[in-house]
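Spelled out, the chains give:
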Protein chains: 2
Amino acid sequence: MTKRKDEIYSDKEINLSEYAKALSHPARIAILKHLASQDRCICGEIVEILPLAQSTVSQHLKELKKAKLITGEIDGPRSCYCINKEKYIEMMELMDSLSSLIVKMKSDNKKGCC
Amino acid sequence: MTKRKDEIYSDKEINLSEYAKALSHPARIAILKHLASQDRCICGEIVEILPLAQSTVSQHLKELKKAKLITGEIDGPRSCYCINKEKYIEMMELMDSLSSLIVKMKSDNKKGCC
DNA sequence: TCCTTTTATCGTATGTTTACGATAAAAGTC
DNA sequence: GACTTTTATCGTAAACATACGATAAAAGGA
């Protein structure tokens, strides 16, 4: 790459793309769903519900943490994770602002456009 | 990978992850925004607004088309693209259904959880 | 102190993504 | 038919993602 992304794209575009990347693997969506149903849970619990190695699950958790969609805290020998609701809401606002541009469009492109 | 994704994850999880992957690059978000503002446009127009090679833009358009978020039609020597509103709405419904699980959560995780 | 449990990180293999330039293909114009 | 315009595809290099097993590290219990 010859230019940095932040020279090319707006902050909003970059932020939304980073949130989207966090959701771009079904394992990470499954993790979010589980966390939503449990409020919080430890890594081992997620390892049990997914047919993935513990190291792989840990890697996915790291990705979600990097995107700030979850928080993680050490709790004795365990690690306790939960959803960062605020960031999740921020992501949805970015999604919705792109969405509103699209939903507002006049055209009714049922089959193609041109 | 030892198991196929569709043996592990639900259809909804896979669909949402595929839509999210399509949004996981800022260039593709910029393309969607441009298409939303123009209703339709040809590939060359997008090449002009992004500092990327024509072949790279074409590749991003292909990704968006693969995710069905845009449609493309040949129009003489040109290619005309526009947003597939229906699929976009489907994506937002999947986002919202994950979202509603999270927003409904009782806990107020301002700083961590455990 | 040693053992167990739990999780993160390392090393690594394999596959995917992203970028580019070069080229091919499709269609209109001269 | 030759030339131009426009776009897709090919080839390729570099970077990133995803999976695993092995290992390290942190903390509690015997």
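Residues numbered from 1 in each chain as written. Chains lettered and ligands numbered in written order. Predicted model: local features only at pLDDT ≥ 70, side-chain atom pairs only at ≥ 80, totals over all residues. Heavy atoms only, no water.

Draft legend 1. Here's a closer look at the protein's contact with DNA strand D. Near DNA strand D there are 22 residues, and of these Ala53(A), His60(A), Gly44(B), Ser58(B) and Tyr81(B) occur at the shortest range. Within 4 Å of the protein, atoms of DNA strand D come from sugar and phosphate in 62% of cases. Note that a phosphate oxygen of DNA strand D is positioned 3.4 Å from one of the side-chain N or O atoms of His25(A). With respect to DNA strand D, the side chain of Gln59(A) contributes an N or O atom lying 3.1 Å from a base nitrogen. Going through the elements one at a time, α5 (54-66) of chain A together with α4 (43-49), α5 (54-66) and β3 (78-83) of chain B are the ones with two or more residues in the surface near DNA strand D. The residue makeup of the surface near DNA strand D, split by class, is seven nonpolar, eleven polar and four charged. (Near = heavy atom within 4 Å. Polar contact = N/O pair within 3.5 Å; in protein donor to acceptor, adjacent residues only side chain to side chain. Helix = DSSP H or I, 4+ residues; strand = E, 2+ residues; numbered from the N terminus. Nonpolar A, V, L, I, M, F, W, Y, C, P; charged D, E, K, R; others polar.)

Draft legend 2. Structural view of the layout of surface pockets. Reported here for the largest pocket is a volume of approximately 380 Å³. Lining the largest pocket we find 17 residues, and of these Ile14(B), Glu18(B), Tyr19(B), Lys66(B) and Ala67(B) sit closest to its centre. Taken together, the elements giving at least two residues each to the lining of the largest pocket come down to α2 (11-22), α5 and α6 (85-103) of chain B. Considering every element that reaches the lining of the largest pocket, the biggest residue donor is α2(B), with seven residues. Of the residues belonging to the lining of the largest pocket, the class tally is five nonpolar, four polar and eight charged. Taken as a whole, the second largest pocket spans an internal volume of roughly 300 Å³. Surrounding the second largest pocket, 16 residues form its lining, Ile14(A), Asn15(A), Glu18(A), Tyr19(A) and Ala67(A) being those nearest its centre. Those elements that place two or more of their residues in the lining of the second largest pocket are α2 (11-22), α5 and α6 (85-103) of chain A. Looking at the lining of the second largest pocket residue by residue, the class counts come to five nonpolar, three polar and eight charged. (1 Å grid on protein atoms, 1.4 Å probe; cavity = no way out; pocket = protein on both sides within 12 Å on 5 of 7 lines; lining within 4 Å. Points joined across faces, edges and corners; volume = space filled by probe spheres on them.)

Draft legend 3. Local environment of the side chain of Ser17(B). Looking at the secondary structure, you find Ser17(B) in helix α2. For Ser17(B), a relative accessible area of 4% gives the class buried. Excluding anything up to four places from it in sequence, Ser17(B) contacts Leu23(A), Ser24(A), His25(A), Pro26(A) and Ile29(A). (Buried < 20%, exposed > 50% of the residue type's maximum accessible area, 1.4 Å probe, protein only. Contact = heavy atoms within 4.5 Å.)

Read these as spatial facts, not as claims about activity.
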